[in-house]
Amino acid sequence: EESSDDKAPPLFESFLKGIGRDYKMRLPLYKSDISDGLNTQCLAATLFLFFACLAPAVGFGSLFGTVTNGAIGTMEMVSSTAMCGLIYSLTSAQPLTIIGSTGPVLAFVATLVKLAEKLGLPFLPLYAWTGIWTSGILLASSVTSASN
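Residues numbered from 1 in each chain as written. Predicted model: local features only at pLDDT ≥ 70, side-chain atom pairs only at ≥ 80, totals over all residues. Heavy atoms only, no water.

### Quick notes on the overall build of the chain
When its secondary structure is counted, the chain shows 6 helices and 0 strands. Taken from N to C terminus, the helices and strands of the chain fall in the order α-α-α-α-α-α. The C-alpha extent of the chain, read off along each of the three principal axes, is 60 × 45 × 25 Å. For the chain, buried positions account for 16% of its 148 residues. Sequence separation of 24 or more characterises 60% of the internal contacts of the chain that already satisfy a separation of 6 or more. For the chain, the exposed surface amounts to about 11,000 Å²; the carbon and sulfur share of it is 71%. In the chain, the 8 positive side-chain charges and the 10 negative ones have mean positions that sit 5 Å from each other. (Helix = DSSP H or I, 4+ residues; strand = E, 2+ residues; numbered from the N terminus. Buried < 20%, exposed > 50% of the residue type's maximum accessible area, 1.4 Å probe, protein only. Contact = heavy atoms within 4.5 Å. Areas by Shrake-Rupley, 256 points an atom, 1.4 Å probe, with all protein chains shown as cover. Lys, Arg positive; Asp, Glu negative; His and termini not counted. Charge placed at Lys NZ, Arg CZ, Asp CG, Glu CD.)

The structure is reproduced here in structure tokens:
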């Protein structure tokens, strides 16, 4: 006999139901997240993660500068990594993810630069529209729990 816990979630749920469920499960832990983090071991881990996020942003930023002919460089990469980390930490209900650029992102951007050149389009608007469309698709997927 199958219990209700063994049932797979439906492919699509009503609007914001999955996000609400995630926050509802996480909400009781927010207070302890703050209070448990007020110690020297957490400070050390925070500083380590700060530099662990900063180092790839600087490294990949210089590579992005080369690939994009200076359109995106180290300063843009550091500031975007900081903004993404801040927004993610305030709005996410899951604690772990990779914030910042990785090798596959660099490969995608290099391909997008070449596509923009072949089509005669300016790179930065194309990159912005790619991000806007991706954000819209991810938003629609999250509010309908399509990622189930």
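Further notes follow.
### A word on the nonpolar core
Among the nonpolar cores identified, the biggest contains 11 residues, and these are A57, F60, F64, I72, M77, L106, V109, L112, V113, A116 and F123. Looking at this core, the elements with two or more residues in it are helix 3 (40–67) and helix 5 (103–119). With 5 residues, the top contributor of residues to this core is helix 5. For A116, the contacting residues outside a window of four places in its chain are L121, F123 and L126. (Core = buried A, V, L, I, M, F, W, Y, C linked by side-chain atoms within 4.5 Å.)

### A few points about unusual backbone geometry
The phi torsion at L16 lies on the positive side, around 65°, for a residue other than glycine. Considering the arrangement of structural elements, one finds L16 in the segment before helix 1 (17–26). For N69, which is not glycine, the phi torsion reads 55° and is therefore positive. Relative to the assigned elements, N69 resides in the loop between helix 3 and helix 4 (74–91). Judged by relative accessible area, N69 falls into the exposed class, the value being 61%.

### Considerations on the side chain of E13
Turning to its location among the elements, E13 is positioned in the segment before helix 1. One polar contact links E13 to S145, side chain to side chain, over a distance of 2.7 Å. Setting aside anything within four residues of it in sequence, one finds E13 in contact with G18, R21, T144, S145 and N148. (Polar contact = N/O pair within 3.5 Å; in protein donor to acceptor, adjacent residues only side chain to side chain.)

### Considering the environment of Y30
The residue Y30 is located in helix 2 (residues 30–36) in this model. Counting along the chain gives 72 residues from Y30 to T102, while the straight-line C-alpha distance between them is 29 Å.

### Focus on the layout of surface pockets
Considering only enclosed or pocket space, the largest pocket measures out at about 1,800 Å³ in volume. Lining the largest pocket are 41 residues, with C84, Y88, T134, S135 and L138 positioned closest to its centre. Ranked by the residues each element gives to the lining of the largest pocket, the list is headed by helix 6 (residues 123–143), at 11 residues. When its residues are assigned to classes, the lining of the largest pocket shows 19 nonpolar, 19 polar and 3 charged. (1 Å grid on protein atoms, 1.4 Å probe; cavity = no way out; pocket = protein on both sides within 12 Å on 5 of 7 lines; lining within 4 Å. Points joined across faces, edges and corners; volume = space filled by probe spheres on them. Nonpolar A, V, L, I, M, F, W, Y, C, P; charged D, E, K, R; others polar.)

### Some remarks on the state of the cysteines
Disulfides are covalent bonds that link the sulfur atoms of two cysteine residues. Tallied over the entire structure, the rule returns 0 disulfides. With no disulfide of its own, C53 lies 11 Å from the sulfur of C84, the closest cysteine sulfur. The exposure class of C53 is partly exposed, given its relative accessible area of 34%. (Disulfide = S-S within 2.5 Å.)

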